[in-house]
Amino acid sequence: MTGEWSGAPAPRRKRRGWRIALVAIAAVVLLVGGAAGVYAWTLSNTFDSQTVKIPDVFPDEASRPPAATGDGATGDAATGQNILLLGSDTRGANDGSIADLTGQRSDTIMVVHVPENRENIYVMSIMRDSWVDIPGEGEAKINAAMSYGGVPLAVQTIEGLLGARIDHVAIVDFTGFKGITDALGGVDIDNPVGFDSSALPGRYFAEGPQRLNGTEALAFVRERYAFADGDFQRARNQQAFIKAVLGKSLTAETLTNPAKISGLVGAIAPYLAVDDGLNSAYVAGLAVQLRDVRVGDVTFFTLPTTGTGTSPDGQSIVVVDQEKLKAVQQGFQTDTLDAYQPEVQTIE
């Protein structure tokens, strides 16, 4: 099975943004460090001490889909895992913490699915303006769930959309993209669409292969104003970036370089907020199970839509394709995303 954009001029990420990139790279780092004794302990300590812990993550149990069989919470049992990745340019209104984005809207939403057989990874982007039902609030843009009720309502909304349980949550501050890019010495992308950056005046991102430094990478993943289809291209660019990061990380040059690995963990951790269960032990355990997965085994796609539309109250929204959504729901609920055939999402 191929990812959504693999048939188009290959972008690069999840990405997320980890998002999956940050989490996945942390997993690789901890796995490689596992043979290094005290060095492994240092990496684990860095990850656990520098990541921010999200105090309240999940909604009331009665409102949630059933848990998968087995002790998936430890990462030891071979059960499918769903990790919600939320990215934001802003910090919470209450205390300025990345762990509390109540009152803020999540700029990037991805769900990472790790199947029971651990042979692939699937990363699904959800357009932030997707018009969905938010429990207790009615229909609204999906990124408003965070604003209305913080992480628990965001989880409940996405679990309701997919009919599948979210096992872990990670919030990523976009600034982390800069640090991880610089820690890797830059990343190479194949830019599908040339554009003038709105964040870096005078910087033109040409179509085709190019290397990005941290500042450029941050501008690249944030950009949406330069594109005719706005957030749709932004999602594809974020996916391309994550793929590029994974490609650079899963090389002998990186994996055999303790200083580079340590730099990656140090660059990632301060910009991650995670639930208590998403700790170094879980990440390392999952990494062991995913040790044979390579970049080509990571599929990126976007929740199917019919393009843009207008809400009853006049907002510009992204309309979820309810018919095609059924196949996505089945894939998540039955651990059969390998049978799902994604399509490139854009404005019709």
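Residues numbered from 1 in each chain as written. Predicted model: local features only at pLDDT ≥ 70, side-chain atom pairs only at ≥ 80, totals over all residues. Heavy atoms only, no water.

Identification of the protein as LytR family transcriptional regulator from Cryobacterium breve is taken from an unreviewed UniProt entry. The record held by UniProt for the protein lists under Sequence similarities (unreviewed entry) the comment "Belongs to the LytR/CpsA/Psr (LCP) family." (UniProt positions renumbered as here; feature names shortened; annotations may be inferred.)

Asker: Can you walk me through the overall build of the protein in this structure?
Answerer: In terms of helices and strands, the protein carries ten helices and 15 strands. Burial status across the protein gives 56% buried among its 348 residues. Here the protein displays about 13,400 Å² of accessible surface, and carbon together with sulfur accounts for 50% of that area. (Helix = DSSP H or I, 4+ residues; strand = E, 2+ residues; numbered from the N terminus. Buried < 20%, exposed > 50% of the residue type's maximum accessible area, 1.4 Å probe, protein only. Areas by Shrake-Rupley, 256 points an atom, 1.4 Å probe, with all protein chains shown as cover.)

Asker: What's the story with the packing of helix α5 (residues 214-222) against helix α6 (residues 231-249) in this structure? I'm lost.
Answerer: If you want to describe how two helices pack, look at the angle between their axes and the distance between the axes. For the pair α5 and α6, interaxial distance at closest approach is 7 Å and the crossing angle is 140°. Residues Ala-217, Phe-220, Val-221 and Arg-222 of α5 form the contact with α6, whose own contacting residues are Arg-234, Asn-237, Gln-238 and Phe-241. Looking at the contact of α5 with α6, its residues break down into four nonpolar, two polar and two charged. (Axes fitted to C-alpha atoms, helices over the stretch in contact; angles between N-to-C directions. Contact = heavy atoms within 4.5 Å. Nonpolar A, V, L, I, M, F, W, Y, C, P; charged D, E, K, R; others polar.)

Asker: Can you help me understand the pattern of salt bridges in this one?
Answerer: When their charged atoms lie close together, side chains carrying opposite charge are able to pair. Summed over the entire model, instances satisfying the criterion amount to twelve salt bridges. One salt bridge connects Arg-224 with Asp-231, and the closest N-O pair in it is separated by 4.0 Å. Linking Lys-326 and Glu-323 is a salt bridge whose minimum nitrogen-to-oxygen distance equals 3.3 Å. A residue pair is termed a helical-turn pair when its members lie 3 or 4 positions apart in one helix, as Lys-326 and Glu-323 do in helix α10 (residues 322-334) at three residues. (Salt bridge = Lys/Arg side-chain N within 4 Å of Asp/Glu carboxyl O.)

Asker: Hey, could you run me through the pairing of strand β7 (residues 168-173) in this one?
Answerer: Regular strands have side chains that alternate between both faces of the sheet. Buried residues dominate β7, accounting for six of its six residues. Where burial is concerned, the two faces of β7 agree: the one with His-168, Ala-170 and Val-172 and the one with Val-169, Ile-171 and Asp-173 are both buried. Where β7 lies against strand β12 (residues 272-274), three bridges are found, and the strand directions are antiparallel. Note on β12: the bridge partner recorded for Ala-170 is Val-274. (Pairing = 2+ DSSP bridges.)

Asker: It is not clear to me how the packing of aromatic side chains should be interpreted in this structure. Could you clarify?
Answerer: The description of two aromatic rings rests on the distance between their centres and on the angle between their planes. Using the criterion set out here, one finds six aromatic pairs in the structure. Look at Phe-177 and Phe-241: their rings are 5.2 Å apart centre to centre, the planes differ by 65°, and that puts the pair in the edge-to-face class. Remark: Phe-241 occurs in helix α6 and Phe-177 occurs in helix α4 (residues 175-183); sequence separation between them is 64 residues. Centre to centre, the rings of Phe-195 and Phe-220 are 6.0 Å apart; their planes meet at 35°, and the pair counts as tilted. (Phe/Tyr/Trp six-rings, centres within 6.5 Å; stacked < 30°, edge-to-face > 60°.)

Asker: I'm lost on the pairing of strand β4 (residues 121-126) in this one. Help?
Answerer: Counting buried positions over the six residues of β4 gives six, a clear majority of the element. With five bridges connecting them, strand β3 (residues 108-114) and β4 associate as antiparallel partners. Residue pairing for β4: His-113 is matched across the bridge by Tyr-122. The turn linking β3 back onto β4 is made up of six residues, and Arg-118 within it adopts a positive phi angle of 55°. Two strands pair when backbone bridges link them, and β4 and strand β13 (residues 298-302) are joined in this way by five bridges, in the parallel orientation. Bridge pairing in β13 places Tyr-122 opposite Thr-299.

Asker: Any chance you could explain the environment of Leu-337 here in plain terms?
Answerer: Residue placement: Leu-337 occurs in the segment after α10. Along the chain, Leu-337 and His-113 lie 224 residues apart, while their C-alpha atoms are 8.5 Å from each other.

Asker: Looking at this structure, how should I read the nonpolar core?
Answerer: Side chains of nonpolar character tend, in soluble globular proteins, to be buried together. Counting residues in hydrophobic clusters, the biggest one holds 44 residues, and the most contacted among them are Phe-241 and Leu-278. Among the nonpolar cores identified, the runner-up in size contains 36 residues, and Ile-54, Ile-109, Ile-134 and Leu-337 belong to it. (Core = buried A, V, L, I, M, F, W, Y, C linked by side-chain atoms within 4.5 Å.)

Asker: Could you clarify how one ought to interpret unusual backbone geometry in this entry?
Answerer: When glycine is set aside, most residues are seen to have a negative phi, and most peptide bonds are trans. Within the chain, Arg-118 stands out as a residue other than glycine whose phi angle is a positive 55°. In this fold, Arg-118 is placed in the loop between β3 and β4. Taking relative accessible area as the criterion, Arg-118 reaches 7% and is therefore assigned buried. At Asp-335, a residue that is not glycine, the phi angle is positive and equals roughly 60°.

Asker: Looking at this structure, how should I read α4?
Answerer: Owing to its 3.6 residues per turn, the α-helix brings residues three or four apart onto one side. Three or more residues of α4 are buried, namely Gly-176, Phe-177, Ile-180 and Thr-181. An end-on view of α4 places all buried positions within 135° of arc, on one side of the element. Just downstream of α4 lies Gly-185, where phi reads positive at about 75°. (Arc of directions from axis to C-beta.)

Asker: Help me out: how do you make sense of the packing of α4 against helix α8 (residues 258-268) in this one?
Answerer: Direction vectors running N to C along α4 and α8 enclose 175°, while the axes themselves pass 8 Å from each other. By the criterion of interaxial angle, the relationship of α4 to α8 is roughly antiparallel. Facing α4, whose interface residues are Gly-179, Ile-180 and Ala-183, α8 presents Lys-260, Gly-263, Leu-264, Ala-267 and Ile-268. (Parallel < 35°, antiparallel > 145°, perpendicular 65-115°, else oblique.)

Asker: For this particular structure, what's the right way to read helix α3 (residues 144-162)?
Answerer: For α3, built from 19 residues, the straight-helix expectation of 27 Å at 1.5 Å per residue is missed by more than 12%, its first-to-last C-alpha distance being only 17 Å. Just beyond α3, the residue with positive phi is Gly-163, at close to 70°. (Expected span 1.5 Å × (residues − 1).)

Asker: Teacher, can you tell me more about the confidence of the model for the protein here?
Answerer: As a note on interpretation, predicted positions should not be read in detail where pLDDT is low. Within the protein, residue pLDDT values average 80, and 77% of them lie at 70 or more. Per-element mean pLDDT across the protein ranges from 45 in helix α1 (residues 20-33) up to 98 in strand β5 (residues 131-134). In this model, residues 1-38 is a region of pLDDT below 50 whose contacts with residues beyond four sequence positions or in other chains number 156 contacts. (pLDDT = per-residue confidence, 0-100.)

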